[in-house]
Amino acid sequence: MHDVVAQVTSFIHLDVANVTYLFLVGFVGGLVSGFIGSGGAFVLTPGMMVLGVPGLMAVASNMCHKFPKALVGSLKRAKYGQVDVKLGIIIGISAEAGVLYGAHIQELIKKNFGNAGSNLYVSIAFVIILSVVGGFVLRDAWKTHRSGTTNDDEQVPKLARWVQSVHIPGTMMYFKSLNARISILFTIPLGFATGMLAATIAVGGFIGVPAMIYVLGAPSLMASATELVIAFVMGLGGSFKYAMSGLVDIRLAMIILGGSLFGIQLGAMGTTYVKPFMIKMVMGVIMVIVLFSRGLMVPVYLAQLGVIPSMSEMTVKVLKNVSFGIMAFALGVGAFIILKAIWQGRREEKLSRQESLAHSKA
Amino acid sequence: MAAQEQHARKKPVVPMLLAGAVSIALYVALMTNQDFINNTFAKGGLYAFLPIATAFIFSFIHGSFTGHFWTVLGVEASKKKKEVK
């Protein structure tokens, strides 16, 4: 392990441009995380690698900024009554196991198929999960938007109603976000999958949040807020594991945290201005755009593995840049929707205050 | 008018400035001691507690600053009581 660490540990030189770049990416990542409970990491990790940070160190440093960010975000959203701490901790513990198992799988793939094999695995996981889950979430949000029922209370989905109806003695626990007792045997595989995804594509929330909504029956706002507790538990354990091997560049982590704490406060406040379906909408839009970004890279890795004819260096470079650009675009779109929602919500509130003031004067 | 003035007085300017000053001091300390920090924090083993403790300290101080920062700017959560069901 120490040889591996010696190979991957190198501290980049930080100048004003690097610091500003990390701070700004951190801000946008924090904004999206504060709103949908996760996100940002899929741009931050490659974003650090662009600066010359070794891959494993970028993952470790990202994780070390994630848990304090999630802590601040979850405390903020707890003030709005959106957090189910018990559910977050229960899922977070099994997610931790998923992270360790996911990292182990990654190591095995890297050992047997090299970097290209590992990258291909990550990209295919991205494409399959984002197309299935992202497509479903976006479709659901769109249906709600079109049906004109955005002001109605969210209905507990069919699957969640069944999960809540199953009684397994000795495993039942009450969760306030569900307002029901469910067997923790259902939360274990969900947490495990969230952790595995976090170890694979860095954004466990793309499974965790939809799972809490559609499988357990949590409202969107509570699911996205509770995901921050899961991210804290997962991130703390993961950071400690990486720090034990000396892989965390605390400078990078704290600079990103500097920006993301501005963003997460704003994103958390944003949830108080929007209708619940907006959480699904932002998450679905980001997932589907990111899907295209990763999909573009699949042929590159297939060519590196010799499955399809090799590509010219120029083509690979163009595909890589376009892929990164689309990812950054996904985050930008998410941030734009959130900021617009906050701006509109504040404007409406101001107008209604002015109206009531004029009314009382009259 | 009086209500507006009262609202303005409630803005946590002093806590924001205090937390901001400590936050800046922490970042200055981090950036001016990069070599020492890189060498010590990345030693691995029990030294792992150093980056974790640093992350908690920064999140507490800087988190408090950013929270006050938005409040002072007038960006706050919706006043409408939202019931999460």
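Residues numbered from 1 in each chain as written. Chains lettered and ligands numbered in written order. Predicted model: local features only at pLDDT ≥ 70, side-chain atom pairs only at ≥ 80, totals over all residues.

In this section: the overall build of chain B. Secondary structure assignment for chain B yields four helices and zero strands. Secondary structure elements of chain B, listed N to C terminal, follow the sequence α-α-α-α. (Helix = DSSP H or I, 4+ residues; strand = E, 2+ residues; numbered from the N terminus.)

A word on the overall build of chain A. Each helix and strand in chain A was counted, giving twelve helices and two strands. Ordered by position from the N terminus, the helices and strands of chain A form the series α-α-α-α-α-α-β-β-α-α-α-α-α-α. Whereas a compact globule of 362 residues would reach a radius of gyration of roughly 21 Å, chain A reaches 21 Å, a difference of no more than 12%. Viewed in the frame of its principal axes, chain A has a C-alpha envelope of about 70 × 55 × 40 Å. Expressed as a percentage of its 362 residues, the buried residues of chain A come to 51%. Pairs at least 24 apart in sequence give 82% of the contacts found in chain A among residues at least 6 apart. (Rg over C-alpha atoms; globule rule 2.2 N^0.38 Å. Buried ≥ 20, exposed ≤ 12 C-beta atoms within 10 Å, placed from the backbone. Contact = placed C-beta atoms within 7 Å.)

Turning our attention to the nonpolar core. If you look at soluble globular proteins, the nonpolar side chains tend to sit buried side by side. Core analysis: the largest hydrophobic core is formed by 118 residues, its most contacted members being F232(A), V248(A), A253(A), V282(A), M287(A) and V290(A). Among the elements that take part in this core, helix α9 (residues 220-244) of chain A stands out by supplying 14 residues, more than any other. The residues touching A253(A), leaving out its near neighbours within four places in the chain, are S61(A), C64(A), H65(A), V248(A) and A55(B). (Core = buried A, V, L, I, M, F, W, Y, C linked by C-beta atoms within 7 Å.)

All names here are of chain A. Where strand β1 (residues 172-175) lies against strand β2 (residues 180-183), four bridges are found, and the strand directions are antiparallel. Within β2, the residue paired with F175 across the bridge is A180. In sequence, β1 turns back onto β2 through a hairpin of four residues, with N179 there showing a positive phi of about 50 degrees. (Pairing = 2+ DSSP bridges.)

For the rest of this paragraph, the subject is unusual backbone geometry. Backbone geometry at N179(A) places phi at a positive 50 degrees, although glycine is not the residue there. Topologically, N179(A) is positioned in the loop between β1 and β2.

On to helix α12 (residues 313-361) of chain A. Residues and elements named next belong to chain A. For α12, built from 49 residues, the straight-helix expectation of 72 Å at 1.5 Å per residue is met to within 8% by its first-to-last C-alpha distance of 71 Å. For α12, every residue scored as buried is listed here: S323, M327, A330, L331, G334, A335, I338 and I342. Among the structural elements, α2 (16-36), α3 (41-50), α10 (250-270) and α11 (277-304) are those in contact with the buried residues of α12. (Expected span 1.5 Å × (residues − 1).)

With that out of the way, let us pick up the interface of chain B and chain A. Taken together, the contact between chain B and chain A spans 31 residues of the former and 37 residues of the latter. Here the side of chain B that touches chain A gets twelve residues from one element, more than from any other, and that element is helix α4 (residues 49-73) of chain B. Among the residues forming the side of chain B that touches chain A, the class breakdown is 15 nonpolar, eleven polar and five charged. (Nonpolar A, V, L, I, M, F, W, Y, C, P; charged D, E, K, R; others polar.)

A few words now on the environment of G345(A). For G345(A), the location among the structural elements is in helix α12. Expressed as a C-alpha distance, the spacing of G345(A) and S74(A), which sit 271 residues apart in the sequence, is 22 Å. With sequence-adjacent residues up to four places away left out, G345(A) is seen in contact with Y273(A), V274(A) and S78(B).

What follows concerns the environment of W162(A). You can see W162(A) is positioned in helix α6 (residues 158-165). Separated by 55 residues in sequence, W162(A) and G217(A) place their C-alpha atoms 9.8 Å apart.

With that out of the way, let us pick up helix α2 (residues 13-32) of chain B. Owing to its 3.6 residues per turn, the α-helix brings residues three or four apart onto one side. All names here are of chain B. Between its first and last C-alpha atoms α2 spans 28 Å; for 20 residues at 1.5 Å apiece the expected length is 28 Å, and the two agree. Taken residue by residue, α2 has M16, A19 and S23 as its buried positions. End-on, the buried residues of α2 take up no more than an arc of 75 degrees, which puts them together on one face. When the buried face of α2 is taken as reference, the exposed residues oriented beyond 90 degrees from it are V14, A21, A25, V28, A29 and T32. Considering only its buried residues, α2 is in contact with α4. (Arc of directions from axis to C-beta.)

Residues and elements named next belong to chain A. For the pair α10 and α12, interaxial distance at closest approach is 9 Å and the crossing angle is 60 degrees. Relative to α12, the element α10 is oriented oblique. By crossing handedness, the relation of α10 to α12 is classed as left-handed. Within the contact between the two elements, α10 uses G267, M269 and G270 and α12 uses I338, A341 and I342. Taken together, the residues of the contact of α10 with α12 sort by class into four nonpolar, two polar and no charged. (Axes fitted to C-alpha atoms, helices over the stretch in contact; angles between N-to-C directions. Parallel < 35°, antiparallel > 145°, perpendicular 65-115°, else oblique. Left-handed = near helix turned anticlockwise from the far one by under 90°.)

Another point: the confidence of the model for chain B. Across chain B, the average pLDDT comes to 86, with 84% of residues at 70 or higher. Predicted complex, confidence summary: ipTM 0.88, pTM 0.88. (pLDDT = per-residue confidence, 0-100.)

Another point: the packing of helix α8 (residues 205-216) of chain A against α9(A). All names here are of chain A. Between α8 and α9, whose axes approach to 9 Å, the crossing angle comes to 135 degrees. Here α8 is positioned oblique relative to α9, judged by the angle of their axes. Once α8 is placed against α9, the crossing between them reads as right-handed. Within the contact between the two elements, α8 uses G205, G208, V209, M212 and I213 and α9 uses S220, A223, S224, T226, E227, I230 and A231. In terms of residue class, the contact of α8 with α9 is built from six nonpolar, five polar and one charged.

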